[in-house]
Structure formats: structure tokens, C-alpha cells
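Residue-level structure breakdown
The chain contents come next:
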Amino acid sequence: MKNYMMRNESNSPEAMFQNVYDKIFSPIFYDENRSWMKTDVKETDDQYIMEIELPGFKKENIAIDYEDGYVTINASRESKESNDKFICKERCVKCSRSYYVGYIDSSEIKASYEDGILKLEVPKENPNSGKKGIQIS
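Note that residues are indexed from 1 along each chain, following the sequence as it is written. Local features in a predicted model are, by the rule used here, given only for residues with pLDDT of at least 70; side-chain atom pairs are given and counted only at 80 or more, and totals for whole chains, interfaces and linings are based on all residues. Each side-chain value is worked out from all heavy atoms of the structure, with water and hydrogens disregarded.

1. Looking at the packing of aromatic side chains
- Here a pair means two rings of Phe, Tyr or Trp (six-membered ring of Trp) with centres within 6.5 Å. Their orientation is stacked below 30 degrees between planes, edge-to-face above 60, and tilted elsewhere. Applying the stated criterion to the full structure yields one aromatic pair.
- Here the aromatic rings of Y70 and Y100 are separated by 5.0 Å at their centres, their planes lie at 70°, and the arrangement is edge-to-face. Of this pair, Y70 sits in strand β4 (residues 70-76) while Y100 sits in strand β5 (residues 94-100), placing them 30 residues apart in sequence.
- Distance and angle both matter: a charge sits over a ring if NZ of Lys or CZ of Arg is within 6 Å of the ring centre and within 35 degrees of the ring normal. One cation-aromatic arrangement involves K124 over Y48; the distance from NZ or CZ to the ring centre is 5.4 Å. Secondary structure elements are defined from DSSP: runs of H or I of at least 4 residues count as helices, runs of E of at least 2 residues count as strands, and each element is numbered from the N terminus.

So this is what it looks like as C-alpha cells:
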């Protein structure tokens, strides 16, 4: 874990070494920007249940969109201006993340939000739903 209580002098040798160290030893596929919207996905026979962490956001500031097989979650909150001098500030004001769920009827997606957890119930893609056989007479 990073030590954010170190000196806030970006030109100091310690700060330069720490930045290089963080880049070299961070996991290859780790994206720090994705750590704010952690998601658990459960599978049942006919749907996926997604539980997405959005602590501190109000329900009315969360938007869920479906387009071209992707569910996109957008969340925002007001930024409080302050004259305080922060050593570190990690709380996001806006965040967005997309999930591929396949081509489904978006009216069947159910959403609820409680205690900072957005719960989505997404039906599984039915590959036969768009194709209809033609009977030969």
C-alpha cells in the first residue's frame, strides 16, 4: 500500500523514487481508476446479479444506461470547495463504468440501491431470441 503521509515535495529524490517504485511494482493489469467501483457478479440459471459499490452517492445521482449490449453506470456528487490543504484526496466526484451483458431486453433489468450498494438483476442473453425459424409448408 502506498504511504501517502510522505513529504509532499514532488521534486525530492524520495518522491521520484517512490513514483518509479509504484509504477514498476504495481500489478501489470491493475488500473487504479477502477478501484472505486468494485463489483461482485453472481450467476443464476437465468440472470446475473451485480452488486456495485457506490458509497456516498445518492440514488438520484446514479444513472444506468443500456446500449449495444453494455450497461453503463454513471454516478456523480457535488464537490465541496474547501480552503483546506489536503495531503491526499481520493474521493471521486464523478465515476463511470461499463459492463458487457449481451443483447437483452433492457426493460427486464431491475435495479435497487441500498447502503451504498447498487444491485442490478440482468437477464442472460438468449441467443435464440432474435432468430425465428420459418416453417416450410
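2. Quick notes on the nonpolar core
- Ranked by size, the top nonpolar core spans 18 residues in total, and within it I52, L54, I62, I73 and L120 carry the most contacts.
- The set of elements that each furnish at least two residues to this core consists of β2 (47-53), β4, β5 and β7 (117-123).
- Beyond its immediate sequence surroundings of up to four residues, I73 is in contact with M37, I52, L54, I62, A63, I64, C95, S96, R97, Y99, L118 and L120. Among the buried residues, those of types Ala, Val, Leu, Ile, Met, Phe, Trp, Tyr and Cys that are joined through side-chain atoms within 4.5 Å form a nonpolar core. A simple rule labels every residue: compare its accessible area, found with a 1.4 Å probe on the protein chains alone, to the largest value its type can have, and call it buried under 20%, exposed over 50%, or partly exposed in between. The contact criterion used is simple: two residues touch if any of their non-hydrogen atoms lie within 4.5 Å.

3. Digging into the confidence of the model for the protein chain
- Taken as a whole, the protein chain shows an average pLDDT of 75; of its residues, 63% reach a score of 70 or greater.
- Confidence of the predictor at the level of single residues is given by pLDDT, which spans 0 to 100. Note that residues 25-30 has pLDDT below 50 and, in this model, one contact with residues that lie over four places away or in other chains.
- Segment residues 130-134: pLDDT under 50, and zero contacts once partners within four positions in sequence are set aside and those in other chains are kept.

4. Considering the side chain of R97
- Examined against the element boundaries, R97 turns out to sit in strand β5.
- For R97, a relative accessible area of 18% puts it in the buried group.
- As used in this structure description, the phrase polar contact means that two N or O atoms lie within 3.5 Å; if the pair is within protein, one of them must be able to donate a hydrogen and the other to accept it, and residues adjacent in sequence are counted only when both atoms belong to side chains. Within the local environment of R97, its side chain forms a polar contact with the backbone oxygen of M37, the two atoms lying 2.8 Å apart.

5. Thoughts on the side chain of T72
- Tracing the backbone shows T72 in strand β4.
- Polar side-chain contacts of T72 include one of 2.8 Å to the side chain of S98.

6. Focus on the pairing of β4
- Strand pairing requires that DSSP identify at least two bridges connecting the strands. Bridge count between strand β3 (residues 62-67) and β4: six bridges; the pairing is antiparallel. When the sheet's bridge partners are listed, Y66 is paired in β4 with V71.
- Count of turn residues in the β3/β4 antiparallel hairpin: two residues, of which D68 carries a positive phi of about 50°.
- Direction of pairing for β4 relative to β5: antiparallel, over a ladder of seven bridges. Directly across from S76, in β5, lies its bridge partner K94.

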